Amino acid sequence: MQNKEEFLHLKTFIQRFDWVPIIELLGKTRFSRRGRRKEFKPVNLFRVFILKSYLLIDDNTILVKRLRENKSSYLEFCGLEKVPSHDVLSKFEKRFSHKFELIFNFLDDVLEIAGAFEDDDMSFDGTDIPVLIKTKQSPHRYHFGARSNKKKFHGFWLMILASIKHQIARRFLVGYAREGQINLAKELFTQTKIDESKNNIFVIMDGIFDFHEMHEIIISKQHKLPIIGYNKRRSGIEKRKDLPSTDWHFKLNPIYRNDAFILEEFKKRTSIERVNSHSKMYTPICLIQNKIKKSHTIKKTMVENMVVFSFMLEQFKLLSKIKQKQIQKSLLLYKG
């Protein structure tokens with residue numbers, strides 16, 4: 001276990017959390033053909049996978065073993081009376097995988113309504129998830145992609161849009177290496193508007209995304225101003241400030257004219273680097289790599305599931321911290 005005090009605090013919050021909206025997102029509990037209600041409700045199995053992510057477990061068989069070893073504490077965390085089998089967990093994961101991102105987005109809305117993202121901009125970047133293959137095994141399933149340094153790899157891209165203040169994911173997208181960072185970034189940002197706050201102005205991105213269409217997408221679809229590192233290779237001019245005054249950068253985003261301000265704001269991009277680093281070292285990429293070592297292959301859906309539960313865990317941690325601060329504030333007012 002990572003931290004006993006943190007676990008107990010998270011467990012208390014999980015038990016008091018209003019699960020009704022998530023129950024509705026998962027859907028109604030069905031009956032078996034014999035008319036008996038199923039032993040495990042989807043929402044409780046969902047909580048099992050939150051625990052799985054917290055415990056840094058990459059396999060359902062190991063998860064069942066850990067549940068049996070710590071019945072009293074873990075079953076209480078999940079709201080269960082008995083340990084589900086490996087088959088029950090795998091069936092739940094397969095059947096409800098299309099609902100998990102909806103729940104992630106719902107929790108993001110809950111955090112936004114709670115004020116977690118007030119005066120908070122966003123940063124964006126991609127990180128590669130290489131897939132090892134056996135000798136003589138064809139990598140056609142993933143195809144090759146290239147990193148920013150042009151080094152090839154085959155596997156997946158994980159694109160993350162993160163809060164600068166809290167450094168947790170606000171949106172993410174998993175794609176095959178062959179799809180490339182640029183195409184995946186376009187897909188993510190052309191979805192519905194992510195942040196509704198008028199005080200959150202900027203989306204900070206790396207120079208690989210410095211092209212006209214990307215700026216237009218951020219402005220028109222997300223209603224934010226992009227602060228994107230200057231890509232001199234696209235123009236041949238060393239610095240953005242030396243571009244002609246008629247250049248499209250200044251027309252689309254006049255704030256680029258203030259070079260000192262842009263350079264200062266761009267420093268905030270380090271927040272996404274810390275998110276990527278955390279993902280690679282702890283969750284979820286380290287779990288994915290462990291899974292690949294065992295099976296030598298992995299489905300995109302499995303990658304998405306491991307990623308989304310890892311990010312939902314961070315959302316629950318932040319919600320529990322906010323709740324604790326609200327309680328402490330109330331106690332201070334009472335004492336005063």
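Residues numbered from 1 in each chain as written. Predicted model: local features only at pLDDT ≥ 70, side-chain atom pairs only at ≥ 80, totals over all residues. Heavy atoms only, no water.

### Regarding the overall build of the protein chain
Phase 1 of the analysis: Helices and strands together make up the secondary structure of the protein chain, namely 13 helices and 6 strands.
Phase 2 of the analysis: Counting every position in the protein chain, which comprises 336 residues, the buried fraction comes to 48%.
Phase 3 of the analysis: Long-range contacts, defined here as pairs at least 24 residues apart, represent 69% of the contacts in the protein chain between residues at least 6 apart.
Phase 4 of the analysis: Of the roughly 18,000 Å² of accessible surface on the protein chain, a fraction of 52% belongs to carbon and sulfur atoms. (Helix = DSSP H or I, 4+ residues; strand = E, 2+ residues; numbered from the N terminus. Buried < 20%, exposed > 50% of the residue type's maximum accessible area, 1.4 Å probe, protein only. Contact = heavy atoms within 4.5 Å. Areas by Shrake-Rupley, 256 points an atom, 1.4 Å probe, with all protein chains shown as cover.)

### Focus on the pairing of strand β5 (residues 202-205)
Phase 1 of the analysis: Residues F202 and I204 line one face of β5 and the alternating positions V203 and M205 line the opposite face, and both faces are buried.
Phase 2 of the analysis: Relative to β5, strand β1 (residues 122-130) runs parallel, the two being bridged by 3 bridges. In the strand pairing of β5, S123 is matched with I204.
Phase 3 of the analysis: As paired elements, β5 and strand β6 (residues 225-228) share 4 bridges and run parallel to each other. The partner of I204 across the bridge, within β6, is I227. (Pairing = 2+ DSSP bridges.)

### Looking at the environment of M312
Phase 1 of the analysis: Structurally, M312 is set in helix α13 (residues 300-335).
Phase 2 of the analysis: The spatial distance from the C-alpha of M312 to the C-alpha of I168 is 9.4 Å, given a sequence separation of 144 residues.
Phase 3 of the analysis: In this view, M312 contacts F46, I50, F100, I103, F104 and L107; residues no more than four positions away in its chain are not counted.

### Considerations on the nonpolar core
Phase 1 of the analysis: Counting 67 residues, the largest nonpolar core has I22, F46, M312 and F316 as the members making the most contacts within it.
Phase 2 of the analysis: In terms of residue count, α13 provides more of this core than any other element does, 12 residues in total.
Phase 3 of the analysis: Contact partners of F46, with chain neighbours within four places excluded, come to W19, I22, L26, F92, F100, I103, F309, M312 and F316.
Phase 4 of the analysis: Ranked by size, the runner-up nonpolar core spans 29 residues in total, among them V203, I227, L243 and I262. (Core = buried A, V, L, I, M, F, W, Y, C linked by side-chain atoms within 4.5 Å.)

### Examining the packing of aromatic side chains
Phase 1 of the analysis: Throughout the structure, instances matching the rule amount to 23 aromatic pairs.
Phase 2 of the analysis: Taken together, a centroid distance of 6.5 Å and an interplanar angle of 50° make the contact between F46 and F100 tilted. You can see F46 sitting in helix α3 (residues 42-54) and its partner F100 sitting in helix α6 (residues 86-113), a full 54 residues away along the chain.
Phase 3 of the analysis: Between F92 and F100, the aromatic rings sit 5.8 Å apart at their centres with planes inclined by 45°, giving tilted as the arrangement. The pair formed by F92 and F100 is uniform in burial state, with each residue classed as buried.
Phase 4 of the analysis: Each residue in the set F13, F17, W19, F46, F49, F92, F96, F100, F309 and F316 is aromatic and connected to the rest through ring pairs, giving one cluster.
Phase 5 of the analysis: A cation sits over an aromatic face here: R170 above F117, 3.8 Å from the ring centre. (Phe/Tyr/Trp six-rings, centres within 6.5 Å; stacked < 30°, edge-to-face > 60°. Lys NZ or Arg CZ within 6 Å of the ring centre and 35° of its normal.)

### Description of the pattern of salt bridges
Phase 1 of the analysis: Applying the stated criterion across every chain yields a total of 16 salt bridges.
Phase 2 of the analysis: A salt bridge links E76 to K11; the shortest N-O distance between them is 3.0 Å. Placement of the pair is E76 in helix α5 (residues 71-78) and K11 in helix α1 (residues 4-16), with a sequence separation of 65 residues.
Phase 3 of the analysis: Judged by its relative accessible area of 43%, E76 is partly exposed.
Phase 4 of the analysis: Between K317 and E314 there is a salt bridge, and its shortest N-O distance comes to 3.7 Å. Placement of the pair is K317 and E314 together in helix α13, with a separation of 3 residues, close to one helical turn. With respect to burial, K317 and E314 carry one shared label: buried.
Phase 5 of the analysis: Several salt bridges share partner residues, and in doing so they unite D108, E112, R170, R171, D195 and K224 into one network. (Salt bridge = Lys/Arg side-chain N within 4 Å of Asp/Glu carboxyl O.)

### Concerning helix α8 (residues 212-222)
Phase 1 of the analysis: M214, H215, I217, I218 and Q222 are the residues of α8 that are buried. Buried residues of α8, viewed axially, fall in a sector of 160°; they line one side.
Phase 2 of the analysis: Tucked inside the fold, the buried residues of α8 contact α7 (181-189), β5, β6 and α9 (248-252).
Phase 3 of the analysis: Downstream of α8 by a residue or two, H223 has a phi angle that is positive, lying close to 55°. (Arc of directions from axis to C-beta.)

### Side note on the packing of helix α4 (residues 60-69) against α6
A pair of packed helices is characterised by two quantities: the angle between their axes and the separation of those axes.
Phase 1 of the analysis: Where α4 meets α6, the closest approach of the two axes is 9 Å, and the angle between their N-to-C directions is 125°. Between α4 and α6, the angle is such that the two are oblique. Considering only the axes of α4 and α6, their crossing is right-handed. Residues N60, T61, L63 and V64 of α4 touch α6, and the partners they reach there are H86, L89, S90 and E93. (Axes fitted to C-alpha atoms, helices over the stretch in contact; angles between N-to-C directions. Parallel < 35°, antiparallel > 145°, perpendicular 65-115°, else oblique. Left-handed = near helix turned anticlockwise from the far one by under 90°.)

### Considering unusual backbone geometry
Phase 1 of the analysis: Of note, L56 is a non-glycine position whose phi angle comes to about 55°, a positive value.
Phase 2 of the analysis: When you line up the elements, L56 lands in the loop between α3 and α4.
Phase 3 of the analysis: A positive phi angle, close to 55°, is found at Q167, a residue other than glycine.
Phase 4 of the analysis: You can see Q167 is positioned in the loop between β3 (152-163) and β4 (169-176).

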